[in-house]
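Given next are the chains, with one letter for each unit.
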Amino acid sequence: MGYAPQWNTVATKGNHRASTKSRLAVGRRAYVAIGAVLVFLLYTWIGYDEMRLGPRTSSRFKQTLRSGGIAGQECEQSAEPSQEGIRSLGSYATNALESCESAGPDLPVGYNFEATKLTPEECEGRHVYMYDPPTEFTVDIIKNCQNWSTWWTMCEDAQNGGFGVRLRLRKSDPLSSITQPPDSWYRTEQFTLDMSWHSRMKTYPCLTDDPNEASIFYVPFYHSPDLTRNLKNPNMTETDYLTTRFVKWLGKQAPYQRYGGRRHFIVMGRIFWDHNRLFNSTHGWGSSLFSQPELKNVFKVMIERSEWAADTIAIPYPTNFHPTSEAALQAWEAKIRVAKRTKLISFAASDRSRNMTGMVRGELFDQCSKSKTCNHVICSTELCVFRPQTIYKISLESVFCLEPGGDSPTRKGIFDSLITGCIPVLFNTNQAVKMYLWHLPGNGSDYSILIDENKVVNDHYDVMQHLERIPKEEIARIQENIFAMFPRLLYRNTKLTGEYKTKDAFDITIDKLLQKLPAEDKTSGNHTTIAPFNGTS
């Protein structure tokens, strides 16, 4: 800030007073002019993106973005931004955050360790045809994200093929030892599976351009970001605008017409009930995608299914860990096996849980806060979303992780618990047992503790005492099962730095789809042959 001289307002003579007033007027005009120039230059330097940060975004965080995380310096991310600030930063913040060098260098652009290639014989019966839809149904949805008038923009969430921005910590941050290797950790939004699946599908070794060779057909559609930007729009015609155009486009495609939608599948990043508003209804929640006639025979893959809809399956929520090699996966397994679990029970939930009287979350909040064996962490967006390492630290330190349902039965926390070796405590079979049939088979007793939520809510059943009574031998059995199964719950990185042979959640899903969809297509023998095409007609 410049130095402003103190003008002497005392004058003994009229000429001196007039001269003083003249000098004052000239000086003030000069300062106003200089100030205007400085404001203009400042606005030009900061740019419009800075203006979108909002008053609640800390000045320290803004300075961090401007500094760009110069190599050799620590990433200044301890001063957390506001939700609206971080969600609306767009490419400006992404570039700055990505340049922080505290956790290791980025891979060279275009670098990708070649995954194991399959021979034509090995791909026999495993070919997948991936449609190439108009970009208005995929990447164009994200291009204008910074101008969305909604609760968040998903600009950063769409980075790195839907994994979000890299999770970078300061060198001095004690939690940096958790997020290793650094190129495997991202701040992944739970509702981005449609984008990250598309990215991964592009690397599938048995893709085919010939629909006659394909066993199943994948239809990309970034419906989650489209729905996110319209979820609070009261105009259902506007909400369904892109959905309507998408199903009309799909209905015109030759492979779709050949099979009547059978053998086709679509992957959604949100839960079933966000896509199931009645067809042509003028009010209600979410979109009408699943009730569109064109999707009647199309199989729906998502993070939470409907147990009453046979054409749906749930697959794991994406976590923040996306290993880049078999070595990275094995290093994480070693870490969770030897973790010092000094806390018997942990419960990470938002503060609203304390007000959920008559619900299992509210009861657990009360019980945990009164128990000496339960560690309760009140989550905020800044603490648990922007800094997901907080959740992983808690889980690594705990034997049991309480995972009651949230706005819907399932929650990302179930998978955060499992990949850290913390035994999830569930309260309804709809949370996992009836959901993740392909990835978490059985009655749940091999990977979780199931306690009836009605007993907890209505009878105030003591969950803490229940967990305290479980024998160490039973705990060890469940933990060993989790250690063996957790790799199948992950989504590995699309950019590999080394060999990766273990099947992940994507591989398991593809295997099951290849078994299920052709077998259910009872009229496949009557299909006519069609010429190869690019899927954009």
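Residues numbered from 1 in each chain as written. Predicted model: local features only at pLDDT ≥ 70, side-chain atom pairs only at ≥ 80, totals over all residues. Heavy atoms only, no water.

> Looking at this structure, how should I read the overall build of the protein chain?
For the protein chain, the helix and strand inventory stands at 21 helices and 11 strands. Within the protein chain, the proportion of its 537 residues that are buried is 53%. For the protein chain, restricting intrachain contacts to residue pairs at least 6 apart in sequence, the fraction spanning at least 24 positions comes to 75%. A total of about 24,800 Å² of accessible surface is found on the protein chain, and carbon and sulfur atoms cover 54% of it. (Helix = DSSP H or I, 4+ residues; strand = E, 2+ residues; numbered from the N terminus. Buried < 20%, exposed > 50% of the residue type's maximum accessible area, 1.4 Å probe, protein only. Contact = heavy atoms within 4.5 Å. Areas by Shrake-Rupley, 256 points an atom, 1.4 Å probe, with all protein chains shown as cover.)

> Please clarify how the sheet that holds strand β1 (residues 128-130) should be interpreted in this entry.
Hydrogen bonding along the main chain pairs the strands of a sheet, whether they run parallel or antiparallel. If you walk across this open sheet you meet the six strands as β2-β1-β3-β4-β5-β6, and the pairing is parallel. Unpaired on one side and paired on the other, β2 (207-208) and β6 (312-314) mark the two borders of the sheet. Across the sheet, helix α21 (residues 505-520) is in contact with β3 (216-218), β4 (264-267) and β5 (299-302); its angle to β5 comes to roughly 165°. (Pairing = 2+ DSSP bridges. Axes fitted to C-alpha atoms, helices over the stretch in contact; angles between N-to-C directions.)

> What am I meant to see in the pattern of salt bridges here?
Side-chain pairs of opposite charge can arise whenever the charged atoms involved come near each other. All told, the structure shown has 22 salt bridges when counted by the stated rule. When the shortest N-O distance is used, the salt bridge between E474 and R477 registers 2.8 Å. Placement of both E474 and R477 in helix α20 (residues 472-485) is noted, with a separation of three residues, approximately one turn of the helix. Each of the salt bridges in this network shares a partner with another, and the network as a whole consists of R126, K503 and D511. (Salt bridge = Lys/Arg side-chain N within 4 Å of Asp/Glu carboxyl O.)

> Help me out: how do you make sense of a negative patch on the surface in this one?
A cluster of acidic side chains, namely E121, E122, E124 and E213, defines a negative patch on the protein surface. Within the secondary structure layout, E213 lies in the loop between β2 and β3. The class for E213 is partly exposed, based on a relative accessible area of 40%. (Patch = residues over 30% accessible without salt bridge, like charges linked within 9 Å, V, L, I, M, F, W, Y side chains within 5 Å. Lys, Arg positive; Asp, Glu negative; His and termini not counted. Charge placed at Lys NZ, Arg CZ, Asp CG, Glu CD.)

> I keep staring at unusual backbone geometry and nothing clicks. Help me out?
Most peptide bonds adopt trans geometry, and most residues besides glycine take a negative phi value. Omega for the bond connecting Q180 with P181 falls within 30 degrees of zero, at -10°, which places this linkage in the cis form. You can see P181 is positioned in the loop between α7 (159-162) and α8 (193-201). Phi at R263 is positive, roughly 65°, even though this residue is not glycine. Within the secondary structure, R263 is located in the loop between α12 (254-259) and β4. Not every positive phi belongs to a glycine, and H460 is a case in point at roughly 55°. Summarising the element assignment, H460 is placed in the loop between α18 (453-458) and α19 (463-468).

> Honestly, the pairing of β5 in this entry has me stumped. Any pointers?
Side-chain direction in a regular strand flips from residue to residue, so the side chains alternate between the two faces of the sheet. Residues F299 and V301 of β5 are buried on one face, and the alternating residues K300 and M302, pointing to the opposite face, are buried as well. In this structure, β5 lies alongside β6, joined through three bridges in parallel fashion. Considered in β6, the bridge of V301 is made with I313.

> Explain the environment of A334 here, please?
Tracing the backbone through its elements, the reader meets A334 in helix α13 (residues 326-338). Along the backbone, A334 and F483 are 149 residues apart, and their C-alpha atoms lie at a distance of 9.3 Å.

> Sorry, what's going on with the nonpolar core here?
Side chains that are nonpolar tend, in soluble globular proteins, to be buried together. Within the largest apolar cluster, 65 residues are counted, with the highest numbers of intra-cluster contacts made by F265, F400 and L402. Viewed by domain, this core spans two of them, domain 1 (120-314) and domain 2 (326-489), each represented by three or more residues. Leave out the neighbours within four places in its chain, and L402 touches I345, S346, F347, L364, C374, R411, V425, F427, V463, M464 and L467. Membership of the second largest hydrophobic core comes to 32 residues, among which are F137, Y256, L289 and L295. (Core = buried A, V, L, I, M, F, W, Y, C linked by side-chain atoms within 4.5 Å. Domains from an automatic or database assignment.)

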